[in-house]
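Now for the letters of each chain:
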Amino acid sequence: MLIRYRKNYEKIAMGLLSFMPTEKDLKKLQQTIKQYETNDDWQLFLWKEDDDIVGIIGVLLRDPDVVEIQHISVNPSHRHQGIGKQMVKALKDMYPNHRLQGNEFTSSFFDKCEC
Ligand SMILES: CC(C)(COP(=O)(O)OP(=O)(O)OC[C@H]1O[C@@H](n2cnc3c(N)ncnc32)[C@H](O)[C@@H]1OP(=O)(O)O)[C@@H](O)C(=O)NCCC(=O)NCCS
């Protein structure tokens, strides 16, 4: 289930975001989470499986009708179970009137999602 990021999820969110190759530097990671907390065009969601948060997906509302995936990450011990694809599908359901796209750091996975 996709749930909206809240400040009390900050630690787990930063942990998951840090698996992105672009977020290895702590300063960069802190800037990223701040953007998600303060910029209305940056929206962050967590994937809850039973009671555990195991994935994260962050988007930029780039144009009125375009949603761009900036970050997508799954806890390593939960990978290859379809969670990444489920997150993309759930995001699509959340923005039914938008076109979903990847960016240079997420499109290799996004382009594999037939959802
Ligand atoms: C990319 C990621 C979110 C996929 O999560 P997942 O829950 O394992 O994804 P799914 O189970 O839905 O799909 C798995 C398939 O995604 C594909 N895949 C995984 N990582 C990929 C990548 N970086 N680029 C393209 N395809 C990728 C593989 O084909 C894999 O198939 P397999 O299970 O047969 O090996 C996860 O590997 C991750 O967190 N990676 C680190 C963060 C990252 O690099 N994000 C940007 C990805 S472009």
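As shown above, the structure is provided for reference.
Each chain has its residues counted from 1, running along the sequence as written. The predicted origin of the model limits local features to residues at a pLDDT of at least 70 and limits the giving and counting of side-chain atom pairs to 80 or more, whereas totals for whole chains, interfaces and linings rest on all residues. Excluded from the side-chain calculations are hydrogens and water; all other atoms, namely the structure's heavy atoms, are used.

Peer 1: An account of helix α3 (residues 83–94) is requested, with residue identities and associated values reported.
Peer 2: Strands here mean DSSP runs of E at least two residues long; helices mean DSSP runs of H or I at least four residues long; both are numbered from the N terminus. A helix is expected to span 1.5 Å multiplied by its residue count minus one. Here α3 contains 12 residues, and its C-alpha end-to-end distance of 16 Å stays within 8% of the 16 Å for a straight helix at 1.5 Å per residue. Burial classes: relative accessible area under 20% of the type maximum marks a residue as buried, over 50% as exposed, and values in between as partly exposed (1.4 Å probe, protein chains only). Buried within α3 are the following residues: Ile 83, Gly 84, Met 87, Val 88, Ala 90 and Leu 91. Buried residues of α3, seen end-on, are gathered within an arc of 165° and therefore sit on one face of the element. Residue contacts are counted whenever heavy atoms from the two residues lie within 4.5 Å of one another. Contact partners of the buried residues in α3: β1 (2–4), β2 (42–49), β3 (52–63), β4 (66–74), β5 (99–102) and α4 (107–110). Directions from the helix axis toward the C-beta atoms define the arc.

Peer 1: Lay out the nonpolar core with the relevant residues and their values.
Peer 2: One finds Leu 2, Ile 57, Ile 69, Met 87, Val 88 and Leu 91 to be the most contacted residues of the largest nonpolar core, which totals 19 residues. Contributing elements (two or more residues each) for this core: β2, β3, β4 and α3. In terms of residues, this core owes the most to one element, α3, which gives 5 residues. Residues Ile 3, Leu 17, Tyr 36 and Trp 42 belong to the second largest nonpolar core, which totals 16 residues. By nonpolar core we mean a set of buried residues, namely Ala, Val, Leu, Ile, Met, Phe, Trp, Tyr and Cys, connected to one another through side-chain atoms within 4.5 Å.

Peer 1: An account of the layout of surface pockets is requested, with residue identities and associated values reported.
Peer 2: Here a cavity means grid points, on a 1 Å grid over the protein atoms only, where a 1.4 Å probe fits yet cannot get out; a pocket means an open set of points with protein on both sides within 12 Å along at least five of seven lines; lining residues are those with an atom within 4 Å of a point. Grid points are joined across faces, edges and corners, and a volume is the space filled by probe spheres set on the points. Reported here for the largest pocket is a volume of approximately 450 Å³. Contributing to the lining of the largest pocket are 18 residues, with Ile 72, Ser 73, Val 74, Arg 79 and Phe 109 lying nearest its centre. Where the lining of the largest pocket is concerned, the elements lending two or more residues are β4, α3 and α4. Residue polarity is assigned by list, with Asp, Glu, Lys and Arg as charged and Ala, Val, Leu, Ile, Met, Phe, Trp, Tyr, Cys and Pro as nonpolar; anything else, Gly included, falls into the polar class. Partitioning the lining of the largest pocket into residue classes produces 8 nonpolar, 8 polar and 2 charged.

Peer 1: Explain the environment of Arg 99 to me, and be specific about the residues and the numbers.
Peer 2: For Arg 99, the location among the structural elements is in strand β5. Separated by 33 residues in the primary sequence, Arg 99 and Val 66 have C-alpha atoms spaced 4.9 Å apart. Sequence-distant contacts of Arg 99, defined by excluding residues within four places in its chain, comprise Asp 65, Val 66 and Val 67. Pairing of N or O atoms within 3.5 Å defines a polar contact, subject to two protein rules: one partner must be a possible hydrogen donor and the other a possible acceptor, and residues neighboring in sequence count only if both atoms are side-chain atoms. Within the structure, the side chain of Arg 99 is placed 3.1 Å from the side chain of Gln 101, a separation counted as a polar contact.

Everything listed here is a matter of geometry and, on its own, says nothing about what the molecule does.
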